[in-house]
Structure formats: C-alpha cells, structure tokens
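Listed here are the chains, written in short residue letters.
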Amino acid sequence: MTRNLRSQRRHRYRLLAPVISWVSQSTTEELSTPPLNEAGVILLFSRMMEDLGIIYESSPAQYPDMIGRIKTVRGFERGRIEFEFVSSNLFRHAHDPSGCNMIIYWENDLKTDKVEELDRCNVKILALSEIIENGPENQIREGGEGYSTVD
C-alpha cells in the first residue's frame, strides 16, 4: 500500500466517524472514532472501566479475554469477561457462554434465543454504545433483563 493511499484511508475514516464522548467521574472523555472492531471495544472499555466499577486483573491467552473484579452489592467479585464487537460473535466464535460471567460489546445483534441462553448461564450483558448514549448508571444487565433483541 502506498503512503498516499494510507493517508487517504486515514483521512476518510476521520471524516466519516463521529467523535464519541461520555462523562466520567471526573471529566468528559472523548475518542475520535467509535470502535470498529473488538480491539476498539477493549480500548474504549479500558477508558470506561473505572466508572463501571470493574478492575482489571489479567488477560488469559485464551477465552475469556479478561479476568477482573466487578463491583457488586457484596463488594468486588472475580469475573470472567469476554469482549466482542457485535454481541453475536460470542456464539459465532463458538465460545461456551458458561465460560464467562459478562460479555462486553459495541453493537447488539442477538436474537431472543441467544439472549435466553445467556440468561440461563447467568451472563451479564454490557453494551458500551448504550452507556455512551444513556450514561453508566444501571447499564450492566443480568442476563436478558431489559435487553432488546433484533428478532
């Protein structure tokens, strides 16, 4: 790829992608583009995790993507967290939902039966795009509670 073509691509993304911002505990945070893939979801989450009451502990070499401490009414509890760009990738990548406690994603494309499967496995659902839109309060859902599907 030539230097000029790389520059044009970078410029095109900058023009098409809106700046996303959210209010954290102490400041307004911004990213120049919303996530475009799973790595972008992880980057955005790393900027938001303190406000969400999640503490990083480790990154296993295989599924799930992260081990962390999740703030609950009982204090911080250890949790297995999986990141996906779109929620259905959890199943597309053939991950066993019972192997994680939480899925964090950007776009929702789950059908009702998959939300019910996450609910049976007690997997919490966290949509970063909804946090950007609505704020961080009460955004971690137990299973399918208050979760919209795309059926």
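Residues numbered from 1 in each chain as written. Predicted model: local features only at pLDDT ≥ 70, side-chain atom pairs only at ≥ 80, totals over all residues. Heavy atoms only, no water.

Colleague: How would you summarise helix α2 (residues 38–52) if you had to cite specific residues and measurements?
Modeller: Residue S46 marks the point of greatest curvature in α2, where the axis turns by about 45°. Taken as a whole, α2 has its buried residues at G40, V41, L44, F45, M48, M49, D51 and L52. Where α2 begins, the capping side chain belongs to N37, and its oxygen is found 3.1 Å from the backbone nitrogen of A39. Taken from the residues just after α2, G53 is the one with a positive phi, measuring 75°. (Bend = angle between axes of the 7 residues up to and from the residue. Helix = DSSP H or I, 4+ residues; strand = E, 2+ residues; numbered from the N terminus. Buried < 20%, exposed > 50% of the residue type's maximum accessible area, 1.4 Å probe, protein only. Polar contact = N/O pair within 3.5 Å; in protein donor to acceptor, adjacent residues only side chain to side chain.)

Colleague: Tell me about the pattern of salt bridges, residues and numbers included.
Modeller: A side chain with one charge may pair with a side chain of the opposite charge, provided their charged atoms come close. Under the counting rule described, the total for this entry stands at four salt bridges. In this structure, the salt-bridge partner of R74 is E77, at a minimum N-O distance of 2.7 Å. For R74, a relative accessible area of 66% corresponds to the exposed category. Through salt bridges that share partners, E57, R69 and R78 make up one connected network. (Salt bridge = Lys/Arg side-chain N within 4 Å of Asp/Glu carboxyl O.)

Colleague: Help me get a handle on the packing of aromatic side chains, residues and values and all.
Modeller: In total, this model carries one aromatic pair according to the counting rule given. Above the ring of F91, the side-chain terminus of K114 is found at 4.6 Å from the ring centroid. (Phe/Tyr/Trp six-rings, centres within 6.5 Å; stacked < 30°, edge-to-face > 60°. Lys NZ or Arg CZ within 6 Å of the ring centre and 35° of its normal.)

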